[in-house]
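Structural description and commentary
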Amino acid sequence: MSSERRPSFLAEHVDRLAGTHLRELLKDAARGKRLRHRLGPVLLDLSRQKLDLAALDALGAHVEATKWQAARDAMFSGEAINTSEDRPVLHTALRASGSELPSPAPRAALDEIAQTLGRIDTLVKAVELGDASAFGVAPGITDIVNIGIGGSDLGPRLAVRALTPYHVPGLRSHFLTNVDGQSAYELMHQLDPRRTLVIVVSKTFTTQETLLNGNVMRDWISRAYNGDKNAVSRHFLAVSANVAEAEKWGIPAAQVYPMWDFVGGRFSVWSAVGLSLALSIGSYNFHEFLRGAALVDDHFRSAPWSENLPVLLSLVEYWNRDVQGRGSRAVIPYADLLTDLTSYLQQLEMESLGKQVTKQGKPVEQPTSAVVWGSVGTNAQHAYFQSLHQGTDTVPLEFIGIVKPAHDLVANHEALLSNLLAQAAALALGKTFDEALAEAKSGSEEARRVLAAQRTFPGDRPSTVMLLDALTPESLGALIALYEHKVFMLGHLWGVNAFDQWGVELGKAIARQILPALEEGGSKNASSFDASTQALIEAIHERRTAQ
Ligand code: F6P
């Protein structure tokens with residue numbers, strides 16, 4: 001990153017640390033105390049980040065000067081901090097039932113939330129008992145299909161998979177998201193329409209992908225009942241802030257569970273958007289999930305910056321992104337159950353923070369969201385870790401591990417955890433040329449030096465380790481809430497609105513214009529588009545009709 005865009009108050013720390021290898025920093029025993037913190041079931045270890053305690057204190061002084069506590073309190077109490085949409089941001093109120101601190105959220109919102117949670121609880125219990133007819137649901141449901149995209153998919157998808165060991169027996173959950181018809185096609189060949197409950201999740205109830213998939217599933221179920229509309233509607237629930245549209249689509253209002261404008265899609269897994277999760281893990285566990293998040297909410301509201309995990313996470317990200325100029329961060333969960341964490345975080349962080357202007361519409365003063373990417377370890381080690389260890393770019397990493405697994409395959413689990421710890425150590429410490437040379441035993445001096453150069457690891461590559469005691473509804477709730485508040489803090493530090501997403505609109509609008517030109521026998525001529533789009537539309541038409 002060009003040095004003029006670096007926050008100048010950190011310049012002296014950057015200069016001091018430039019010549020200090022992480023290997024040296026790790027020798028300071030005091031680091032652990034300041035950079036390793038426990039919160040309930042989560043241990044956060046930031047000790048392998050490339051900063052020292054003086055730099056940390058400078059970051060702390062910076063955040064304190066921003067009056068972050070007032071900004072945080074404004075969110076919890078329901079001020080309209082999503083300024084471009086003039087909306088409050090109250091996902092924390094969704095889990096206030098699990099908090100030990102009294103919620104400052106508006107009473108009306110808390111009441112609506114409590115009422116909806118009550119509806120979810122009674123529905124979940126009825127489905128578990130096998131008769132949810134009082135809720136408009138057909139008997140004998142064995143499969144749930146959650147149709148939604150973005151925030152209406154990624155949260156429930158992550159949590160349902162992560163909490164597989166908690167699944168209610170006899171009920172399977174599926175996620176239909178992309179508009180690619182292949183997935184719907186395969187699902188319809190796999191499931192029994194008379195035993196399937198479809199939950200159409202869309203805050204706006206206008207999302208093209210979700211509605212098209214909904215139509216496909218509705219036709220499929222309708223065929224199973226020879227078009228009997230009443231029978232079909234018993235296979236559908238909706239979650240939406242747009243009850244009128246859901247009703248128009250064919251889902252009775254009593255089967256629509258509310259979403260609210262005060263909850264953004266990517267922050268909504270705690271609401272009825274998590275209905276498929278609640279059905280999958282049962283009511284008690286769903287409340288444990290909320291309680292885990294509430295634990296982090298209470299901590300975020302009360303801990304000083306130096307012990308506040310979301311604040312520390314945001315300061316480390318600020319340091320890596322804005323001070324060290326790192327353009328991406330790899331998230332590597334050492335847990336197959338957390339396979340969907342990276343894509344969940346991509347939306348949470350990149351849709352929230354990928355902004356170039358401040359809330360006041362002025363260009364930001366520093367780079368914002370890093371690219372978030374990654375996949376599960378150890379698989380990732382055998383794919384792209386070569387580049388993370390010896391490539392020319394430094395990519396900060398985040399390792400997430402689980403101390404106690406939900407299975408008894410001890411040898412596998414110990415191997416898994418040892419790999420996690422080894423990668424974090426290897427990335428930080430590296431291997432010097434001299435160490436590599438000492439290992440190269442045979443050949444000429446020249447040949448040994450050539451080999452040693454290739455077997456040298458620069459190290460000095462920062463990483464964070466998060467260890468969950470076990471992957472439980474509570475710890476998963478806590479983990480997600482930590483990331484949510486980290487995002488809030490970065491939005492605050494960067495001065496951007498973390499709760500809107502105008503950047504997704506242009507592509508959607510152009511897709512709407514292109515559709516009529518792409519349809520077979522389409523009503524619109526491709527010539528109104530730019531030359532590249534036009535050529536591709538013509539190629540599609542040409543190839544579609546070719547023998
Ligand atoms: O296009 C982006 C987006 O608006 C996300 O912010 C949202 O989570 C997703 O689409 C789905 O929106 P909806 O829940 O309204 O269908």
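Further up the page is the structure itself.
In short, a report on the structure.

Thresholds, definitions, all that
- Note on numbering: residues in each chain are counted from 1, in written sequence order.
- Confidence filtering applies because this is a predicted model: local features only for residues at pLDDT of at least 70, side-chain atom pairs given and counted only at 80 or more, and all residues used for totals across whole chains, interfaces and linings.
- Calculated side-chain values reflect all of the structure's heavy atoms, with hydrogen atoms and water omitted.
- Strands are runs of DSSP state E lasting at least two residues, helices are runs of H or I lasting at least four, and both sets are numbered from the N terminus onward.
- Relative accessibility decides the category of a residue: with a 1.4 Å probe and only protein chains considered, values under 20% of the type maximum give buried, values over 50% give exposed, and everything between is partly exposed.
- Residue contacts are counted whenever heavy atoms from the two residues lie within 4.5 Å of one another.
- Accessible surface area values rest on a Shrake-Rupley calculation with a 1.4 Å probe, where residue burial reflects the displayed protein chains alone.
- We score Asp and Glu as negative and Lys and Arg as positive, and we do not count His or the chain ends.
- Taken as the charge location is NZ of Lys, CZ of Arg, CG of Asp or CD of Glu.
- How far a helix is expected to stretch is found by multiplying one less than its residue total by 1.5 Å.
- The cutoff for a nearby residue is simple: one of its non-hydrogen atoms must lie within 4 Å of the molecule or strand.
- Under this definition, polar contacts are N or O atom pairs within 3.5 Å; protein pairs additionally need one hydrogen-donor-capable and one acceptor-capable atom, and for neighbouring residues in sequence, both atoms have to be side-chain atoms.
- Side-chain classes are defined by residue name, with Ala, Val, Leu, Ile, Met, Phe, Trp, Tyr, Cys and Pro counting as nonpolar, Asp, Glu, Lys and Arg as charged, and the others, Gly among them, as polar.
- Under the pairing criterion, centres of Phe, Tyr and Trp rings, with the six-membered ring standing for Trp, must be within 6.5 Å; the plane angle then separates stacked pairs below 30 degrees from edge-to-face pairs above 60, leaving the rest tilted.
- A ring is scored as having a charge over it whenever the NZ atom of a lysine or the CZ atom of an arginine sits within 6 Å of its centre and within 35 degrees of its normal.
- By convention in these notes, a salt bridge is any Lys or Arg side-chain nitrogen within 4 Å of a carboxyl oxygen on Asp or Glu.
- Two strands are counted as paired when DSSP detects at least two bridges linking them.
- Nonpolar core, defined: a set of buried Ala, Val, Leu, Ile, Met, Phe, Trp, Tyr and Cys residues in which side-chain atoms within 4.5 Å join the residues together.
- Note on geometry: axes are lines fitted to C-alpha atoms, helical ones only across the stretch in contact, with angles between N-to-C directions running from 0 to 180 degrees.

1. Quick word on the overall build of the protein
The number of helices and strands found in the protein is 21 helices and 11 strands. Overall, the C-alpha framework of the protein stretches about 80 × 65 × 55 Å when taken along its three principal axes. In the protein, which comprises 547 residues, the share counted as buried stands at 52%. Nonlocal contacts in the protein, meaning residues at least 24 apart in sequence, comprise 75% of its contacts between residues at least 6 apart. Within the structure as shown, the protein displays about 23800 Å² of accessible surface, and the carbon and sulfur contribution to it stands at 53%. Considering the protein, the positive charge centre built from 52 side chains and the negative charge centre built from 61 side chains are found 1 Å apart.

2. Structural notes on helix H14 (residues 341–353)
Across its 13 residues, H14 extends 17 Å between first and last C-alpha, which sits within 8% of the 18 Å expected from 1.5 Å per residue. Listed in full, the buried residues belonging to H14 are Leu341, Thr342, Tyr344, Leu345, Gln347, Leu348, Glu349, Ser352 and Leu353. Packing partners of the buried residues in H14 comprise helix H7 (154–162), helix H13 (309–323), strand S8 (328–333), strand S9 (371–373), strand S10 (397–404) and helix H19 (473–494).

3. Details of the site of the ligand
Residues in close proximity to the ligand total 13 residues, the closest being Gly151, Ser152, Ser202, Thr204 and Thr207. Within the side chain of Thr204, one N or O atom sits 2.6 Å away from an oxygen atom of the ligand. Thr207 places a polar side-chain atom, nitrogen or oxygen, 2.5 Å from an oxygen atom of the ligand. When the free accessible area of the ligand is taken as 390 Å², the share hidden by the protein chains comes to 87%. Its residues assigned to classes, the shell around the ligand comprises 2 nonpolar, 8 polar and 3 charged.

4. Here we look at helix H9 (residues 208–224)
In a regular helix each residue adds 1.5 Å, so 17 residues correspond to 24 Å; H9 covers 25 Å between its end C-alpha atoms and thus fits that length. Listed as buried for H9 are Thr210, Asn213, Gly214, Met217, Trp220, Ile221 and Ser222. Downstream of H9 by one or two residues, Asn226 has phi in the positive range, about 50 degrees.

5. A closer look at the packing of aromatic side chains
One pass over the structure, following the stated rule, counts 13 aromatic pairs. Summarising the aromatic geometry, the rings of Phe236 and Trp249 are spaced 5.5 Å apart at their centres and angled 70 degrees between planes, so their arrangement reads as edge-to-face. Placement of the pair is Phe236 in strand S6 (residues 236–240) and Trp249 in helix H11 (residues 243–249), with a sequence separation of 13 residues. Residue classification places Phe236 among the buried residues on the basis of a relative accessible area of 2%. Judged by relative accessible area, Trp249 falls into the buried class, the value being 14%. Taking the centre distance of 5.9 Å and the plane angle of 35 degrees together, the rings of Tyr384 and Phe385 count as tilted. Using a relative accessible area of 21% as the deciding quantity, one classes Tyr384 as partly exposed. Through a chain of ring-to-ring contacts, the aromatic side chains of Tyr334, Trp373, Tyr384, Phe385 and Phe399 assemble into a single cluster. Over the ring of Trp270 we find Arg95; its NZ or CZ atom is 4.6 Å from the centre of that ring. Against the face of Tyr257 rests Arg119, its NZ or CZ located 4.0 Å from the ring centre.

6. Considerations on the pattern of salt bridges
Pairing is possible between side chains that carry opposite charge, provided their charged atoms lie close to one another. Scanning all chains against the criterion turns up 27 salt bridges. Put simply, Asp73 and Arg72 hold a salt bridge, and the shortest N to O gap is 3.0 Å. On the basis of relative accessible area, Asp73 is assigned to the partly exposed category, the value being 37%. Residue Asp111 is joined to Arg107 by a salt bridge in which the shortest nitrogen-to-oxygen separation is 3.3 Å. Highlighted residues: Asp111 and Arg107, both in helix H6 (residues 107–129), separated by 4 residues, approximately one helical turn. For Asp111, a relative accessible area of 42% corresponds to the partly exposed category. If you follow the salt bridges from partner to partner, you end up with Glu317, Arg329, Glu349, Glu398 and Lys486 in one network.

7. Points about the pairing of S10
With 6 of 8 residues buried, S10 is to be regarded as a mostly interior element. With 4 bridges connecting them, S8 and S10 associate as parallel partners. Looking at the pairing, Pro333 lines up with Ile400 of S10. Bridge count between S10 and strand S11 (residues 463–470): 7 bridges; the pairing is parallel. Paired with Glu398 across the bridge in S11 is Thr464.

8. Some details on the nonpolar core
One finds Val239, Leu275, Leu279, Phe289, Trp319, Leu338 and Leu476 to be the most contacted residues of the largest nonpolar core, which totals 118 residues. When residues no more than four places from it in sequence are discounted, the contact partners of Trp319 are Leu10, His13, Val14, Leu17, Lys50, Leu51, Ala55, Leu59 and Gln324. The next biggest cluster of nonpolar side chains, apart from the first, holds 22 residues, and it includes Leu191, Met217, Ile251 and Val256.

9. Side note on the sheet that holds S9
Backbone hydrogen bonds are what pair the strands of a sheet, in a parallel or an antiparallel way. Spatial ordering of the open sheet is given by S1-S2-S11-S10-S8-S9, a layout of 6 strands whose pairing is mixed. Both edges of this open sheet fall to strand S1 (36–39) and S9, since each of them pairs with a single strand only. Sheet twist, expressed as the average angle between the axes of neighbouring strands with direction ignored, equals 15 degrees. As defined by bridge partners, strand S2 (residues 42–45) adjoins S11 across 4 bridges and the pair is classed as antiparallel. Each bridged residue has a counterpart across the sheet, and for Leu43 the counterpart in S11 is Leu467. Sheet strands in contact with H13 are S1, S2, S8 and S11, and its direction is about 145 degrees off that of S1.

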